[in-house]
Structure formats: structure tokens, C-alpha cells
Amino acid sequence: MTDGLAYFKAVYGTVPTWITAMHEHNPRMLKHYTDLRGEAFAAGALSSRDKDDLIMAVNVARLYAPSMLNHVKGMVAAGASMAEFIEYFWVAYCYQGDQALLMSTQALALALQLRGQTVPPALLLAQDVEAVVTQYLALTEPDQLSHLNHIIACYQANDRAVLEQAVFEQGLLPSKIKLLAMLGNYVVNLQAAQASRWLTRARAAGVSDGELADLGFVCLLTAGIPAWFECCDLLSASPSFA
């Protein structure tokens, strides 16, 4: 087994077929990709845990289950609570709407499986947002329900501005990391030019150039080199922070 194959088995628990195919067709390409991924996910301005979290959240928002599920594994291994997963899902909702919440049930089901817990049939059968929200309430740790209850109340009030305020304020997750996740949605979908409102909020929350660049590095891995071009547009669009 080569170092690249061993690396991805350690990351994902098994060697993905797309990694096996890369190794078969061009082992040197796998080596370079492995080095790139290892560097992108190494601790820098953002922690390795934050980077896994962000890419999980971004892939919920762009409705791409394979990468979402890959990074659920990293979050579970790092000890993420169900409430933390769910807080990220509401960020994805603010970008993508109902479909992001419906997609999130797959992530919760895998998280439960990885923890050795039973997956409620109702979670797998949830077909509308009301059913998903019911599962969020059932699965959230009792001592972490307060912020989720606040978000749900704002959602049910049908006031978008109030909901966004609730989602992006300090909860279990810092405002800054949630704003980075929102910016990541625009980066991977090549919409940086439309992200000025979120970039202003992120800078006001203290997001640094280094953190924004780290976001771009991991977005590059999930969405390709154009995602880095988009991140560079964000870096050049607002004042630098230390």
C-alpha cells in the first residue's frame, strides 16, 4: 500500500474508489494530491477541526452528499455534538433553503451510525422541513437545546432578517466560523461577487486574511482551482486584518 492510499484509508476509514482510480491511472498524481490535501487541512490560521467542519457545511449547502458524508466522519472523530452539526445546517439553509435541511438528514444518520447509535426511522423518512426540525429537536443534546429553540422560533416566525440574526449570532459555534461557512458557499459556487454583504459581516466579526485564505485552500480541494480564484477576489475586496 502506498503512502497516499494509507493516508486516505486513515482519513476515511476505507480507500475511496476515486482515490484507487487515481492511483491506478497516475500514482504520481495521487502523491501530489495527497500532499496538497495534507497541507490544506493542516492547522494554520484555522484549526484542522474547523476546516473539516467548514467543508462539511459547504457541501450541505451545495447539496453534494459524497463530500458532506466524508467530512461528517472527521467531525465525529473530533467529537462534534449533534447540536454543532445542526447549527451548521442552518447556515446552509440561509444559502440554499429547504433542500439543505432535507439533505442534512443523511449527515445526521451517518453521525449516529459512526457513534454506534440507532438511527431513528423517522429521520430517514423525513420529507419536509417540519419533519426535519422535529428530528433536530429529538437528536440535540438536552443541555444544548437553547440556541436551536431560538433559531426554530425565528424560522417559524417567517422573518428572514430575524432568522439570519439568530443563525449567525454566537451559539455553540462562534459567529466567525459560521460566517466563514457562508462565504465558503459563495466561493465553491463561484459567486464571490455576490458575497459582499457576508464579507463585510465576516470582517466585522474579525475574520483575518489568513483565515479567509485557509477557507480558500480547503474549498479548492472540494470545488477545484476556480474556488481559489474566487477566494482571491474576496481577499482583494476588503481591508486586510491581522
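As shown above, the structure is provided for reference.
The text that follows walks through the structure, step by step, so that each part is easy to find. Keep in mind that this is a model prediction, so the values were computed, not measured.

Here is what the cut-offs are and how they apply
- Residues numbered from 1 in each chain as written.
- Predicted model: local features only at pLDDT ≥ 70, side-chain atom pairs only at ≥ 80, totals over all residues.
- Heavy atoms only, no water.
- Helix = DSSP H or I, 4+ residues; strand = E, 2+ residues; numbered from the N terminus.
- Expected span 1.5 Å × (residues − 1).
- Contact = heavy atoms within 4.5 Å.
- Salt bridge = Lys/Arg side-chain N within 4 Å of Asp/Glu carboxyl O.
- Buried < 20%, exposed > 50% of the residue type's maximum accessible area, 1.4 Å probe, protein only.
- Core = buried A, V, L, I, M, F, W, Y, C linked by side-chain atoms within 4.5 Å.
- Axes fitted to C-alpha atoms, helices over the stretch in contact; angles between N-to-C directions.
- Left-handed = near helix turned anticlockwise from the far one by under 90°.
- Nonpolar A, V, L, I, M, F, W, Y, C, P; charged D, E, K, R; others polar.

**Some words on helix H15 (residues 225–237)**
In a regular helix each residue adds 1.5 Å, so 13 residues correspond to 18 Å; H15 covers 19 Å between its end C-alpha atoms and thus fits that length. Of the surrounding elements, those touching the buried residues of H15 are helix H12 (175–188), helix H13 (196–204) and helix H14 (209–223).

**Section: the pattern of salt bridges**
One pass over the structure, following the stated rule, counts ten salt bridges. The partner of Arg 197 in a salt bridge is Glu 164, with the nearest N and O atoms 3.0 Å apart. In this pair, Arg 197 sits in helix H13 while Glu 164 sits in helix H11 (residues 160–168), placing the two residues 33 residues apart along the sequence. Judged by its relative accessible area of 44%, Arg 197 falls in the partly exposed class. Among the residues examined, Glu 164 registers a relative accessible area of 7% and is labelled buried. Where salt bridges share partners, they join Arg 49, Asp 53 and Glu 84 into one cluster.

**Notes on the nonpolar core**
If you look at the biggest cluster of nonpolar residues, it comprises 82 residues, and the most contacted ones within it are Met 56, Phe 85, Phe 89 and Trp 90. At eleven residues, the largest contribution of residues to this core is made by helix H6 (residues 82–96). If sequence neighbours within four positions are ignored, Phe 89 has contacts with Met 56, Val 60, Leu 101, Ser 104, Ala 107, Leu 108 and Tyr 136.

**Observations regarding the packing of helix H5 (residues 65–77) against helix H7 (residues 98–114)**
Relative orientation of the contacting elements H5 and H7 amounts to 35 degrees, with a least axis distance of 9 Å. When you trace H5 past H7, the crossing you get is right-handed. Of the residues in H7, those touching H5 at Ala 65, Met 68, Leu 69, Val 72, Lys 73 and Val 76 are Met 103, Gln 106, Ala 107, Leu 110, Ala 111 and Leu 114. Here the residues of the contact of H5 with H7 sort into ten nonpolar, one polar and one charged.

**Here we look at unusual backbone geometry**
Despite not being glycine, Asn 158 shows a phi value in the positive range, around 60 degrees. Mapping Asn 158 onto the fold places it in the loop between helix H10 (145–156) and H11. Its relative accessible area of 71% is what places Asn 158 among the exposed residues.

**A few points about the environment of Asp 98**
By the secondary structure assignment, Asp 98 is in helix H7. Asp 98 gets classed as partly exposed once you look at its relative accessible area, which sits at 37%. Considering only alpha carbons, one finds Asp 98 and Val 129, 31 residues apart in sequence, at a separation of 6.4 Å. Apart from residues lying up to four places away in sequence, Asp 98 is in contact with Tyr 93, Val 129 and Tyr 155.

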